[in-house]
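Residues per chain are reported as follows:
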Amino acid sequence: MNFIIDAFKPACHVSVTFADAKLRKQVALKKENGQTEMVPLFRSQDNIIGTVSVEPVPGRKVEHKGIKVELLGQIEMYSDRGNFYDFTSLVRELDIPGEIYEKKDFPFEFSTVEMPYETYSGINVRLRYVLKVTITRGYPGSIVQFQDFVVRNNSPSPSINNSIKMEVGIEDCLHIEFEYNKSKYHLKDVIIGKIYFLLVRIKMKNMDLEIRRRESTGSGTSTHVETETLAKYELMDGAPVRGESIPIRLFLSPYELTPTYRNTNNKFSVKYYLNLVLVDEEDRRYFKQQEITIYRLAESSEQAEAL
Amino acid sequence: MVADGVEDEEKWLSAGMAGLQQNAFYMHRALDSNNLKDALKYSTQMLSELRTSKLSPHKYYVLYMKAFDELRKLEIFFKDTISLGFSIVELYELVQHAGNILPRLYLLCTVGSVYVKTKEAPAKDILKDLVEMCRGIQHPLRGLFLRSYLSQVSRDKLPDIGSEYEGDADTVMDAVEFVLQNFTEMNKLWVRMQHQGPVNEKGKREKERNELRDLIGKNLHVLSQIEGVDLDMYKEVVLPRVLEQVVNCKDDLAQYYLMDCIIQVFPDEYHLQSLETLLSVCPQLQPSVDVKTVLSRLMDRLSSYAASGVEVLPEFFQVEAFMKLNNAIHKVIEAQADMPMVGVITLYASLLTFCLQVHPDRLDYVDQILGSCVKELSGREGLDDSKAARQIIALLSAPLEKYKDIDTALKLSNYRCIMEYLNDSMRKEMANIIIQNIMNNKKTISTADKVDGLFELIKGLIKDSDVETPDELEDEFKEEQNSVARLIQMLHSDNHEEMLNIINTVRNHVLMGGAKRLPYTIPPLIFSSLKLARRLEGHDQSVTGEDVSVTPKKIFQIVTQTIDALASIPVPGLALGLYLQCAEAADDCDLEPVAYEFFTQAYILYEEEITDSRAQVTSIHLIIGTLQRMHAFGVENRDALTHKATGYSAKLLKKPDQCRAVYACSHLFWIDDHDNVRDGERVLFCLKRALRIANSVQQMANATRGSSGTASVVLFVEILNKYIYFYEKGVPQITVESIQDLIELIRNELRGDNAKSDAVTDAFFSGTLRYIQFQKDKGGAISDKYKLIAL
């Protein structure tokens, strides 16, 4: 029976190692099967340098018609699962057709790779970067090996960052004025603000601030929007009276946020909203939603800005 | 329903406790294993139990205390974590990740407390952040407890002067600001509690709020403990801010409690120096606030401050405390038109106490206060509120107690006016108090005017009121009248004329008293008059022309008229006694006719009015006794009177009484220091007659009872004593033989078969014999005389 099993076993072991693996930051990446894996983190215009090792099973040789490594940036719509749209595709040929008898390393290099989009895994869409090693064979089929990696791109602090200030209400019922100190927050930022009660004729029970993510995929009539609440943060307990002002201080760091993505490759968008929700004693909800922009700030400066 | 509610609450409480303890258990495990993440997780869950709305404040407190204890452990853990190198800033952020606000804020306060201790940031910034963040809890009960927790953990960390958390500049201000803000917010929540929930549970809410009040008051206490709050800061910042909150909250419960709190927690001199500010608030309070108690407390405090030493008094003068208080009271009374009378009076009573303490020399102030009271009282319909009456009594008693002198009260023109508003029994009570006061202070009252004033004050005791109260308690009445009697004794002037005036004044008042009172009030008046008469006699020589208006005769006239007043009441015994007293006094003044007249009056009374045999016995002995002491009578008058007296004696009903009266009469005929009265014959006659009567007593006893009682033997022994007395005095008619015969007779009687031995009689007799023996042995002239008697 052994030979049958052997027939289905890969004829060789293929692995990808990055040149700066030891120095490069590793981040967790959630894979399709639900498990997380630590993978290296890159930024746009990084040099992706490494080695592909092909190690045949001892005693066997690998006969091939060429070996190549591709760097792919792919978007996958879950409505069209398995179908990847490559927005980036780079290829390096590693070997000419031949035979490999023992372990062989093939260095490769992609210099200053343009990777404008960040790795993202949402409800209906996924954006991933991957190195694809292909050992082309006639029969019994090519050997393909994937190596994921994550791309995150820092943004500079926006030069204009106005506060969000607004007065809303229901006539003769409830008038509030709320203020968030900024309209653009980085991922580890703190939302500071306050809610001022101008008129209260409703018996409030509590007030929450929610962070909602709106992921829209497709375009035109086939646009599909999915909203999820990532944070529910209680701001107030009990019924305020006129003139009360309730402070807001919400740290973003505990939540799994991504930067705002506007129209990524015409395929999808991810937007964030602050939703202020007031709940009265009859559990009626009154809310006001405001979009905020989230961006990724370089790590060092993030530290500096935290309280 | 109610029972169910309570039961349910118990259930909820125990469920809450169970949840809290379970999470506390996991928290402890996390603490032990140094697991910060779990510690935060379980402490958050533990604190979530405090989010309940189902518990009454009382039960919630139980839960809170448990959580409080657990948080102490957590705080220690935080401290340890920090000392191991964990960043406090990070921790401060970390606890804020909690989604639910209440646990989040409890944790924040706890970490904040550690944060202040590390001194990595100025205390004032951290505290300010905490007190701001706590705004998120708008639920009154939960908010109150949270802020109370904040106050609790922060009180030893205020950036006070001298505190280790003191900052660079104006740091006390930060501490004050922090406490004030927390106080303001707590008070708002507390007041809001009143307005939430169903209307029909208003009373219950009020009760619950009352249970919570100390949480709010504690803030004021903290303020008073801050070293840096000096007088200036108190006046400029603390007080105005607190008062602003008090006025603006417009809640009667809070206003009353907080005012009281302010008065109690801050030092006296602060109150004194900020009096105007404090007082100006009073009229602005809600009408239902018990301002009077507030003001009374304030005045009481200031009073006791003033009493603490004279050195503080100038402070009072400097700020014109009295005028300010007086004005404030006026304003409050004006502002609260429907304040009950008792409130008004209480206010004035407190002001009066204050005034007496601070301005003991300003009687005009006192009178002014009383005047204000009169004005208030006059504006109202009747005074049937017994509490108010009580207060009036307290009000009126205060000056008496202070000055210990009725004179002062008499000088207050409004004093009397106020008493007018009391009802009868209260007026009596007040009169009693006044008399008691005079008695205790032992000050005599020495002018007729004052006496007049005084009697006006106590007329409740002197006169029957228009409305008769038939059920008056006899004992009480007696007690009252006795004190009036005592009072009369306190009226005294060294000036004779004035004294006469006093007597006249008293007489005028007393005579209005009616039949029931006269027997009590006339005797002291008479005695007082007689005292004056005797004094006049004693000073006869020194009396100069100007004093002639006052003569004993005049006094006796008055006295006679006074006693006459008793005639209308059937108290002849008393009148007789008084006449005899007068006679004696007249005798002292050598006014024979007057004395005779008094005796005549007494005899008339005896004959016409005294019909009771017992009373007769007493009266006759009185008459004999008095008559015996008379010096002024000439032979004729004397004879007439003694004759009558002997006659009366012999006519008494009971034989033993006759016997005793008769032998007593013997004294009328032999007076040692009176040369004219030495009639041995009559003495002997009297004694013999007494013996005869005694004999007949004995016979009667034999006849009626078949045995001679010892009663007659006693009589014999008594007569024997008279014999011995007169023998010793040297009455020639009393012979040794007669004495010996008598002794023999008594011995026989005592030995007699049918005589029952009676210890008292035996003792009396043997005592008599012993006396004789003693005199014999004494030696000297008397002894010689006695030696003649053979025993």
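Q: Give me the overall build of chain A: which residues, what numbers.
A: When helices and strands are tallied, chain A shows 2 helices and 22 strands. Rg of the C-alpha trace for chain A: 26 Å, well past the compact-globule value of 19 Å for 307 residues, more than 25% over. In terms of overall dimensions, chain A has a C-alpha envelope of 85 × 40 × 35 Å along the principal axes. Each of the 307 residues in chain A was classed as buried or not, and the buried ones make up 47%.

Q: I'd love a proper account of the overall build of chain B, names of residues and values included.
A: Counting its secondary structure elements, chain B contains 38 helices and 0 strands. Its C-alpha atoms give chain B a radius of gyration of 44 Å, more than 25% over the compact-globule value 28 Å for 791 residues. Dimensions along the principal axes, computed over C-alpha positions, put chain B at roughly 130 × 70 × 55 Å. Within chain B, the proportion of its 791 residues that are buried is 53%. When contacts within chain B are restricted to residue pairs at least 6 apart in sequence, those whose partners lie at least 24 apart make up 72%. As displayed, chain B has an accessible area near 35000 Å², and 50% of this comes from carbon and sulfur atoms. Here chain B holds 88 positive side-chain charges and 113 negative ones, and the gap between their average locations is 4 Å.

Q: Now, about the pattern of salt bridges: what can you tell me, with residues and values included?
A: The full count for this structure, using the stated rule, is 46 salt bridges over all chains. The partner of Asp208 of chain A in a salt bridge is Lys232 of chain A, and the shortest N-O contact between them spans 3.6 Å. Taken together, the positions of Asp208 of chain A in strand S17 (residues 204-217) and Lys232 of chain A in strand S18 (residues 224-237) put the pair 24 residues apart, joining distant regions of the chain. The exposure class assigned to Asp208 of chain A is buried, which follows from its relative accessible area of 6%. Note that Asp129 of chain B and Arg249 of chain A form a salt bridge whose closest N and O atoms lie 2.1 Å from each other.

Q: For the sheet that holds strand S19 (residues 245-251) of chain A, give the residues involved together with the corresponding values.
A: Residue and element names in this part refer to chain A. With respect to topology, 4 strands assemble into an open sheet ordered S13-S14-S16-S19, the strand pairing being antiparallel. The sheet terminates laterally at strand S13 (164-170) and S19, the two strands that pair on one side only. Adjacent strand axes in the sheet meet at a mean angle of 20° when their direction is disregarded. As paired elements, strand S14 (residues 174-180) and strand S16 (residues 190-200) share 7 bridges and run antiparallel to each other. Across the sheet, the residue bridging to Glu179 is Lys194, located in S16.

Q: How would you summarise the environment of Glu32 of chain A if you had to cite specific residues and measurements?
A: Residues and elements named next belong to chain A. By the element assignment, Glu32 lies in the loop between strand S2 (26-30) and strand S3 (36-42). Assessed through its relative accessible area of 57%, Glu32 is described here as exposed. In this structure the C-alpha to C-alpha distance between Glu32 and Ser121, which are 89 residues apart in sequence, comes to 9.7 Å.

Q: Quick rundown of the interface of chain A and chain B? Include the residues and the values.
A: Across the contact, 22 residues belong to chain A and 25 residues belong to chain B. Buried surface at the junction of chain A and chain B, summed over both partners, amounts to about 1900 Å²; 46% is from carbon and sulfur atoms. A per-residue breakdown of the area chain A buries against chain B is headed by Glu234, Asp237 and Arg249 of chain A, which together make up 32% of the total. Here chain A is connected to chain B by 5 salt bridges.

Q: Requested: an account of the sheet that holds strand S9 (residues 104-110) of chain A, with residues and values cited.
A: All names here are of chain A. Pairing is antiparallel in the open sheet, where 3 strands are placed in the order S1-S4-S9. Single-partner strands in this sheet number two, and they are strand S1 (12-18) and S9. On average, each strand axis in the sheet is tilted by 20° relative to the strand beside it, whichever way the strands run. Pairing of strand S4 (residues 48-56) with S9, which is carried by 7 bridges, proceeds in the antiparallel orientation.

Q: A description of the packing of aromatic side chains should follow, citing residues and the corresponding values.
A: Scanning the entire structure with this criterion turns up 32 aromatic pairs over all chains. Aromatic pair Tyr64 of chain B and Phe145 of chain B: ring centres 5.0 Å apart, planes at 50°, arrangement tilted. Pair noted here: Tyr64 of chain B is in helix H3 (residues 57-83) and Phe145 of chain B is in helix H7 (residues 140-154), with a separation of 81 residues, a long-range link. By the burial criterion, Tyr64 of chain B is buried, and Phe145 of chain B matches it. In textbook terms, an aromatic cluster arises when at least three aromatic residues are bridged by ring pairs, as seen for Tyr60, Tyr61, Tyr64, Phe68, Tyr106, Phe145 and Tyr149 of chain B. The side chain of Lys267 of chain A reaches across the aromatic face of Tyr85 of chain A, ending 4.5 Å from its centre. The ring of Phe68 of chain B has Arg72 of chain B sitting right over it, with the charged end atom 4.8 Å from the ring centre.

Q: Which residues make up unusual backbone geometry, and what values do they have?
A: All names here are of chain A. You will see that Asn265, though not glycine, has its phi angle at about 50°, which is positive. Note that Asn265 resides in the loop between strand S20 (261-264) and strand S21 (268-280). With a phi close to 60°, Asn266 is a non-glycine residue in the positive phi region. With respect to the helices and strands, Asn266 occurs in the loop between S20 and S21.

Q: Describe the side chain of Asp251 of chain B, listing the residues and the values that go with them.
A: Residues and elements named next belong to chain B. By the element assignment, Asp251 lies in the loop between helix H10 (231-249) and helix H11 (252-265). With relative accessibility at 3%, the residue Asp251 sits in the buried group. A distance of 2.8 Å separates a polar atom in the side chain of Asp251 from the backbone nitrogen of Ala254. For Asp251, the contacting residues outside a window of four places in its chain are Val191, Gln194, Arg209 and Gln286.

Q: A description of the nonpolar core should follow, citing residues and the corresponding values.
A: Ile262, Phe316, Tyr415 and Ile434 of chain B are the most contacted members of the largest nonpolar core, which totals 277 residues. In this structure, Tyr415 of chain B is in contact with Leu370, Leu396, Ser397, Pro399, Leu400, Ala409, Met430, Ile434 and Leu457 of chain B, ignoring residues within four places of it in sequence. By size, the runner-up hydrophobic cluster in this structure holds 71 residues, among which are Ile67, Phe87, Leu250 and Tyr272 of chain A.

Q: Give a detailed account of the confidence of the model for chain A, specifying residues and quantitative values.
A: Residues and elements named next belong to chain A. Counting all residues, the mean pLDDT for chain A is 89, and 94% of those residues have values of 70 or more. Within chain A, the element-level pLDDT minimum falls on helix H2 (residues 299-305), averaging 49, and the maximum on S19, averaging 96. Considering only residues more than four positions removed or in separate chains, one finds that residues 301-307, a stretch of pLDDT under 50, has 12 contacts.

Q: Go over the environment of Leu187 of chain A with me, naming the residues and quoting the values.
A: By secondary structure assignment, the location of Leu187 of chain A is in the loop between strand S15 (184-186) and S16. C-alpha of Leu187 of chain A to C-alpha of Arg296 of chain A: the two residues are 109 residues apart in sequence and 5.8 Å apart in space.

Q: Tell me about the pairing of S21 of chain A, and please be specific about residues and values.
A: Side-chain direction in a regular strand flips from residue to residue, so the side chains alternate between the two faces of the sheet. Residue and element names in this part refer to chain A. The element S21 is largely enclosed, with a buried count of 12 among its 13 residues. Bridge count for S17 against S21 is 13 bridges, and the pairing is antiparallel. Bridging across to S21, Met207 finds its partner in Leu278. Pairing geometry for S20 and S21, over 2 bridges, is antiparallel. Its bridge partner lying in S21, Tyr261 is registered against Val270. Sheet analysis places S21 next to strand S22 (residues 285-295), joined by 8 bridges and oriented antiparallel. Counted as the bridge partner of Tyr273 is Glu291 from S22.

Cut-offs and rules
- Residue numbering note: each chain is counted from 1, following its sequence as written.
- Chain letters and ligand numbers both follow the written order, the letters beginning at A and the numbers at 1.
- Reporting of local features is limited, given that this is a predicted model, to residues whose pLDDT is at least 70; pairs of side-chain atoms are given and counted only at 80 or more, and all residues count toward the totals for whole chains, interfaces and linings.
- Values shown for side chains rest on all heavy atoms present in the structure; no hydrogens or waters enter the calculation.
- Here a strand is any run of E in DSSP of at least two residues, a helix any run of H or I of at least four, and the numbering for each starts at the N terminus.
- Throughout, radius of gyration means the C-alpha value; the globule benchmark is 2.2 Å times the number of residues raised to the power 0.38.
- For every residue, the accessible area obtained with a 1.4 Å probe (protein chains only) is divided by the maximum for its type, and the residue is called buried under 20%, exposed over 50%, and partly exposed between those limits.
- Note on definitions: a residue-residue contact is assigned when non-hydrogen atoms from the two residues lie within 4.5 Å.
- Method for areas: the Shrake-Rupley scheme with a 1.4 Å probe, in which residue coverage is limited to the protein chains shown.
- In this count, Lys and Arg are taken as positive residues and Asp and Glu as negative ones, while His and the chain termini are left out.
- The atom standing in for a charge is NZ when the residue is Lys, CZ when it is Arg, CG when it is Asp and CD when it is Glu.
- What counts as a salt bridge is simple: a side-chain nitrogen of Lys or Arg found within 4 Å of a carboxyl oxygen of Asp or Glu.
- Each pair of strands is called paired provided DSSP finds at least two bridges between the two strands.
- Angles run from 0 to 180 degrees between N-to-C directions of axes, and those axes are lines fitted to C-alpha atoms, restricted for helices to the stretch in contact.
- Accessible area, probed at 1.4 Å, shrinks when two parts are joined; the buried area is that loss added up over both.
- Here is the rule: rings of Phe, Tyr and Trp (six-membered ring for Trp) pair when centre to centre is within 6.5 Å. Planes less than 30 degrees apart are stacked, more than 60 are edge-to-face, and the remainder are tilted.
- For a lysine, the NZ atom is tested; for an arginine, the CZ atom; a charge sits over a ring if that atom is within 6 Å of the ring centre and within 35 degrees of the ring normal.
- Under this definition, polar contacts are N or O atom pairs within 3.5 Å; protein pairs additionally need one hydrogen-donor-capable and one acceptor-capable atom, and for neighbouring residues in sequence, both atoms have to be side-chain atoms.
- Side-chain atoms within 4.5 Å link the members of a nonpolar core, which is a set of buried Ala, Val, Leu, Ile, Met, Phe, Trp, Tyr and Cys residues.
- Per residue, pLDDT measures the predictor's confidence, with a range of 0 to 100.

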